[in-house]
2 protein chains.
Amino acid sequence: MSSLELIKEISRTSPTKIVLLLIDGLGGLPDPQTGKTELETASIPNLDALAAQGICGMADPIAPGITPGSGPGHLALFGYDPIECNVGRGVLEAAGIDIELEPGDVAARGNFCTVNEKGLITDRRAGRISNEKCTELCKLLDGMSINDVRVLVYPVREHRFVAVFRGKNLVADVTDSDPSQTGVSPLDITALSPQAARLADIAGAFVEKARALLASHKPANMVLLRGFAGKPQFPSMPEVYKLKPLAIAVYPMYRGLARLVGMNIASTGTTLEDEFATLKKNYNSYDFFFLHLKWTDTAGEDGDFKRKVSVLEQIDKAVPGLTALGPDVLVVTGDHSTPAVLGGHSWHPVPVLLCSKYCRPDAVKEFSELAFLNGGLGRLSLTQIMPLAMANALKLTKFGA
Amino acid sequence: MSSLELIKEISRTSPTKIVLLLIDGLGGLPDPQTGKTELETASIPNLDALAAQGICGMADPIAPGITPGSGPGHLALFGYDPIECNVGRGVLEAAGIDIELEPGDVAARGNFCTVNEKGLITDRRAGRISNEKCTELCKLLDGMSINDVRVLVYPVREHRFVAVFRGKNLVADVTDSDPSQTGVSPLDITALSPQAARLADIAGAFVEKARALLASHKPANMVLLRGFAGKPQFPSMPEVYKLKPLAIAVYPMYRGLARLVGMNIASTGTTLEDEFATLKKNYNSYDFFFLHLKWTDTAGEDGDFKRKVSVLEQIDKAVPGLTALGPDVLVVTGDHSTPAVLGGHSWHPVPVLLCSKYCRPDAVKEFSELAFLNGGLGRLSLTQIMPLAMANALKLTKFGA
């Protein structure tokens, strides 16, 4: 029995409420000048007070040493095995522009590219055409019907688009047409299993029609497709946890990930304060809230230590408004670390804090990587946080007689 | 997807270098007189300084409570599941005398033994004949050809030898002829699966020919075979990690284990200092170094607490020469604990230290079992050390988009 099957068997509804405050890229590394991490540098008295009240630990999103992308990091956080439930590139790209896929859909990431008169790729990104040009060309390609399959083409930005193949009997097990290099022709899309032959044919036909339609649109005179992926078939969070969950996220990628696991999606604004206000407004209507804060990760990715510190301080100021709502369980964690000194996602475990009336206290008094090493949660897998949150909300009955 | 498959998918080459300093049998138990372990007793300022710089923890080679042999301990260290990838006795024995097996070979551990006129075993070790006698008798048996299978016979020492069966369609799934007791006849070698019938027949024929050839050589007038095992088919370290690895080890068993996972094997001398000199000499030509130091284990096996302490101090003196090479990642650990008070391998977790520019610091200041309990790596599986070393060397890309 998988962990999700176990939880599904013992979960129950109850009036308690869980808030999962996700600070994207939480967890860092010391600034070589000061020897202090972003969390140690920031003045975050409210988070420190929560650490003193709650139980703390360090969590691995996937496994020690493995750096997660946003997809696996969030799926682990929602309690799903991030390797078994890995979401293909096409589906993530669709999620990232708020496209709701239907069961049976296959999505692929597309690039407009430049080919020369011999058909060889000279620029895989077509000189990064403008967003307007991308939208215009997507309209040209959108809506084809090939062997009873509709091909929907959505602009992302610059040279990037998403192609969604919608029809019966589509199996995503096909190769990319993108050779990931220039000086060669786009590759044929071939089936990796017999069932995928139909999609390979249709996707190949789409590419040839696109070539014809784009011929006069140099530099964007061809397309490359990669990361074909079907809509994943996970059991949803309402099924597994018997929760009524609401996702609050400014960035579409995270709304998309939440949608894949069956959360309701809130309308919200564009700022951190908007998100907390959206939580407050919807607090009576749901029993689980996923509040996604992106800006820590963005600052870390930019290698901007100071900005990451200042975003942490801004989040800290919003904490009292959240705790005033009186959630039965509050979890504060990340989907992965993004140390500013690395300028990207990293493999380091993420700090986790859980507050509830029933968490067993530990001696941690400070919200930092070093302090959390001595926390009562110890070192655990990020997939174990949802069961812990559910238990602390008294939403799990016992297993076995 | 197994952990090795995951790593294979995300590993990449880079100019960084990893040194894995393996102190065999590292980790002990307190001397009842002083209450201090071997590590706590030894004066090891250089290792202490590394502990203060790096991140520390305790690793289980197999699982809590399970004492590993050298094979599983090292395979775990190299990142292989030590239960799934367990190497048969015959193959380990061959590795231990530096024999390079070919794909399809089956190896068995052999004993010369004594049988009486009724064919009943009276001494399973033939009175521990001399190494010279063993070599002489192996020559007598070596090189037979039976049904297109060559049987190669190599002396180990005293009554011990290795038999390698080389030919087509040999499946190692056969029973031992060694009954592990005296007063009975050697057992028939029987196939445990239909595909193994050919090997069972050939091994049986070899035993009967050996009986005839050895008739006049009492006390060594018969052979016993056990631990038939085929050459394992692991993905190699160069395949999985995309490393160019070099193994430096004085004892053949460890060279053999390194060879099984595809490492290059250095020529080195017979002392600890020779091994460090070999590392220095080859430092520019490889990007991964497995440096195996045996003497801590030998002292522990001998129950010699003081000698184990003094070997640790000798190793400590060599550390500055190693760090002067500037490896990007340095790991110091063991394949299992060998507490002198137990006089053998034990189930206790082994101390692990990892130093790199990107390891998150912890509060550990001393290289000891007790201090490492509070280390930032926490308690982990020894199989997770290679992924961590790879991550810290920036040789792993992220998993998932």
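A few points on the structure. Per-chain numbering applies: the sequence of each chain, read as written, is numbered from 1 onward. Numbering of ligands from 1 and lettering of chains from A proceed in the order in which they are written. Local features are withheld for residues below a pLDDT of 70 in this predicted model, meaning they are given only at 70 or higher, and side-chain atom pairs are given and counted only at 80 or more; totals for whole chains, interfaces and linings count all residues. Side-chain numbers come from the whole structure's heavy atoms, not from hydrogens or water.

A word on the overall build of chain A
Working step 1: In terms of helices and strands, chain A carries 14 helices and 14 strands.
Working step 2: Over its C-alpha atoms chain A spans a radius of gyration of 23 Å, differing by no more than 12% from the 21 Å that the globule rule assigns to 401 residues.
Working step 3: When each of the 401 residues of chain A is scored for burial, the buried share is 57%.
Working step 4: Two residues qualify as a contact provided that any one of their heavy atoms is within 4.5 Å of a heavy atom in the partner residue. Restricting to contacts in chain A with at least 6 residues of sequence separation, those with at least 24 account for 73%.
Working step 5: Residue exposure ignores everything except the shown protein chains as possible cover, and the areas themselves are Shrake-Rupley values with a 1.4 Å probe. A total of about 15,800 Å² of accessible surface is found on chain A, and carbon and sulfur atoms cover 50% of it. Put simply, DSSP H or I for four residues or longer makes a helix, DSSP E for two residues or longer makes a strand, and each gets a number counted from the N terminus. Radius of gyration means the value over C-alpha atoms here, while the globule rule gives 2.2 Å times the residue count to the 0.38 power. Buried residues are those whose accessible area, probed at 1.4 Å on protein chains only, stays under 20% of the maximum for their type, while exposed residues exceed 50% and partly exposed ones sit between those limits.

Observations concerning the packing of helix α6 (residues 131–141) of chain A against helix α7 (residues 197–214) of chain A
Residues and elements named next belong to chain A.
Working step 1: Orientation is described by axes fitted as lines to C-alpha atoms, over the contacting stretch for helices, and by angles from 0 to 180 degrees between their N-to-C directions. Closest axis-to-axis distance for the α6/α7 pair is 10 Å, and the angle between their directions is 120°. Considered as vectors, α6 and α7 are oriented oblique to each other. In this structure, the crossing between α6 and α7 has a hand that is right-handed. Side by side, α6 and α7 meet where Leu137, Leu140 and Leu141 of the first sit next to Phe206, Ala210, Leu213 and Leu214 of the second.
Working step 2: Amino acids are sorted into nonpolar (Ala, Val, Leu, Ile, Met, Phe, Trp, Tyr, Cys and Pro), charged (Asp, Glu, Lys and Arg) and polar (every other residue, Gly among them). Taken together, the residues of the contact of α6 with α7 sort by class into seven nonpolar, no polar and no charged. When an angle is under 35 degrees it counts as roughly parallel; over 145 it counts as roughly antiparallel; between 65 and 115 it counts as roughly perpendicular; any other value is oblique. By definition, turning the near helix anticlockwise from the far helix through less than a right angle yields a left-handed crossing, and turning it clockwise yields a right-handed one.

A few points about the relation of the copies chain A and chain B
Working step 1: Least squares is the method for superposing the copies, and the C-alpha atoms it fits come from residues with pLDDT of at least 70 in both. Take chain A, turn it by 121°, move it 0.2 Å along the axis, and it overlays chain B with an RMSD of 0.1 Å. What we have between these two chains is a three-fold relation.
Working step 2: The two copies present different faces, since only 3% of the interface residues in chain A are matched by interface residues at the equivalent positions in chain B.

Re the pairing of strand β7 (residues 160–166) of chain A
All names here are of chain A.
Working step 1: Burial of β7 is extensive: five of the seven residues sit out of reach of the surface.
Working step 2: Note on pairing: two strands pair once DSSP finds at least 2 bridges between them. In this structure, strand β3 (residues 106–115) lies alongside β7, joined through six bridges in antiparallel fashion. When the bridges of β7 are listed, Ala107 appears paired with Val164.
Working step 3: Direction of pairing for strand β6 (residues 149–155) relative to β7: antiparallel, over a ladder of six bridges.

A short note on the interface of chain A and chain B
Working step 1: Contact with chain A, which involves 31 residues of that partner, is made by 25 residues of chain B.
Working step 2: Any Lys or Arg side-chain nitrogen located within 4 Å of an Asp or Glu carboxyl oxygen qualifies as a salt bridge. Counting across the interface, chain A meets chain B through zero salt bridges.
Working step 3: Any pair of nitrogen or oxygen atoms within 3.5 Å is treated as a polar contact; in protein, a donor-acceptor pairing is required on top of that, and neighbouring residues in sequence qualify only through side-chain atoms on both sides. Counting across the interface, chain A meets chain B through eight residue pairs in polar contact (both at pLDDT 80 or more).
Working step 4: Take the side of chain A that touches chain B: its biggest share by element is three residues, from helix α4 (residues 70–77) of chain A.
Working step 5: Class assignment of the residues belonging to the side of chain A that touches chain B gives a composition of 16 nonpolar, twelve polar and three charged.

Things to note about the environment of Asp48 of chain B
Working step 1: Checked against the element boundaries, Asp48 of chain B lands in helix α3 (residues 45–53).
Working step 2: Sequence-wise, Asp48 of chain B and Ala95 of chain B are 47 residues apart; in three dimensions their C-alpha atoms are separated by 34 Å.

A word on the packing of aromatic side chains
Working step 1: Any two rings among Phe, Tyr and Trp, with Trp reduced to its six-membered ring, count as a pair given centres within 6.5 Å; such a pair is stacked if its planes are under 30 degrees apart, edge-to-face if over 60, and tilted if neither. By the definition in use, this model includes 18 aromatic pairs over all chains.
Working step 2: Pairing Phe165 of chain A with Phe228 of chain A gives two aromatic rings, centres 6.0 Å apart and planes at 40°, and the pair type is tilted. Here the residue Phe165 of chain A occupies a position in strand β7, and Phe228 of chain A occupies one in strand β8 (residues 222–230), the gap between them amounting to 63 residues.
Working step 3: Residue class for Phe165 of chain A comes out buried when judged on its relative accessible area of 0%.
Working step 4: For the ring pair Phe78 of chain B and Phe290 of chain B, a centre distance of 5.0 Å and an interplane angle of 85° mean the geometry is edge-to-face. Taken as a pair, Phe78 of chain B in the loop between α4 (70–77) and α5 (89–96) and Phe290 of chain B in strand β11 (residues 288–293) lie far apart in primary sequence, 212 residues in all.
Working step 5: Members of the aromatic cluster, joined through ring pairs, are Phe165, Phe206 and Phe228 of chain A.

Considering the packing of α3 of chain B against helix α12 (residues 305–323) of chain B
Residues and elements named next belong to chain B.
Working step 1: Direction vectors running N to C along α3 and α12 enclose 50°, while the axes themselves pass 7 Å from each other. The angle between α3 and α12 falls in the class oblique. Contacts between α3 and α12 involve Pro45, Asn46, Leu47 and Leu50 from the first element and Asp316, Lys317, Val319, Pro320 and Thr323 from the second.
Working step 2: Partitioned by chemical class, the residues of the contact of α3 with α12 number five nonpolar, two polar and two charged.

Here's the deal with the side chain of Ser14 of chain A
Working step 1: With respect to the helices and strands, the residue Ser14 of chain A is situated in the loop between α1 (3–10) and β1 (18–23).
Working step 2: Non-local contacts of Ser14 of chain A, meaning those with residues more than four positions away in its chain, are made with Asp287, Ala393, Leu394 and Lys395 of chain A.

Side note on α12 of chain B
Residues and elements named next belong to chain B.
Working step 1: Its 19 residues place the ends of α12 27 Å apart at the C-alpha level, agreeing with the 27 Å of an ideal helix rising 1.5 Å per residue.
Working step 2: Two axes are fitted around each residue, one to the seven residues ending there and one to the seven starting there, and the angle between them is reported as the bend at that residue. Along its length, α12 shows its largest kink, about 30°, at Lys317, and proline Pro320 lies within four residues downstream of that point.
Working step 3: Phe305, Lys308, Val309, Val311, Leu312, Ile315, Asp316, Ala318, Val319 and Leu322 are the residues of α12 that are buried. By this rule the span expected of a helix is its residue count minus one, scaled by 1.5 Å.

Observations regarding the sheet that holds strand β13 (residues 350–356) of chain A
Residue and element names in this part refer to chain A.
Working step 1: Taken in spatial order, the eight strands make up an open sheet running β10-β9-β11-β1-β12-β13-β2-β14, and their pairing is mixed. For this open sheet the edge positions go to β10 (264–265) and β14 (378–381), each flanked by a neighbour on one side alone.
Working step 2: Two elements, strand β12 (residues 329–333) and β13, share five bridges in a ladder whose sense is antiparallel. Bridge pairing in β13 places Thr333 opposite Val352.
Working step 3: Sheet strands in contact with helix α12 (residues 305–323) are β1, β11 (288–293) and β12, and its direction is about 175° off that of β1.

Side note on the environment of Gly300 of chain B
All names here are of chain B.
Working step 1: In this structure, Gly300 sits in helix α11 (residues 295–301).
Working step 2: Distance in space between the C-alpha atoms of Gly300 and Lys133 is 31 Å, their sequence separation being 167 residues.
Working step 3: In this structure, Gly300 is in contact with Lys308, Thr338, Pro339, Ala340, Gly343 and Gly344, ignoring residues within four places of it in sequence.

Side note on the nonpolar core
Nonpolar side chains tend toward joint burial in soluble globular proteins.
Working step 1: As used here, the term nonpolar core means buried Ala, Val, Leu, Ile, Met, Phe, Trp, Tyr and Cys residues forming a set that is joined through side-chain atoms within 4.5 Å. Tyr80, Met237, Tyr241, Met263, Phe288 and Phe290 of chain B are the most contacted members of the largest nonpolar core, which totals 64 residues.
Working step 2: When sequence neighbours within four positions are dropped, the list of residues in contact with Phe290 of chain B reads Leu20, Leu22, His74, Leu77, Phe78, Leu246, Ala247, Ile248, Tyr254, Ala258 and Met263 of chain B.
Working step 3: Formed by 55 residues, the second largest nonpolar core is a distinct cluster that contains Phe234, Val261, Met263 and Phe288 of chain A.

Section: helix α3 (residues 45–53) of chain A
All names here are of chain A.
Working step 1: Of the residues making up α3, those classed as buried are Leu47, Leu50 and Ala51. Down the axis of α3, the buried side of the element spans an arc of 100°, and every buried residue falls inside it.
Working step 2: Each element contacted by the buried residues of α3 is listed here: β2 (55–60), α12, β12, β13 and α13 (369–372). The directions considered for the arc are those from the helix axis to the C-beta atoms.

Topic: the sheet that holds strand β1 (residues 18–23) of chain B
Residues and elements named next belong to chain B.
Working step 1: The strand order across the open sheet built from eight strands is β10-β9-β11-β1-β12-β13-β2-β14, with neighbouring strands paired in mixed fashion. The sheet terminates laterally at β10 (264–265) and β14 (378–381), the two strands that pair on one side only.
Working step 2: In the sheet, strand β9 (residues 245–249) pairs with β11 via five bridges, with the strands oriented parallel. Of the residues in β11, the one forming a bridge with Ile248 is Leu291.
Working step 3: With respect to the sheet, helix α14 (residues 385–392) is in contact with β1, β11, β12 (329–333), β13 (350–356) and β14, its orientation differing from that of β13 by roughly 10°.

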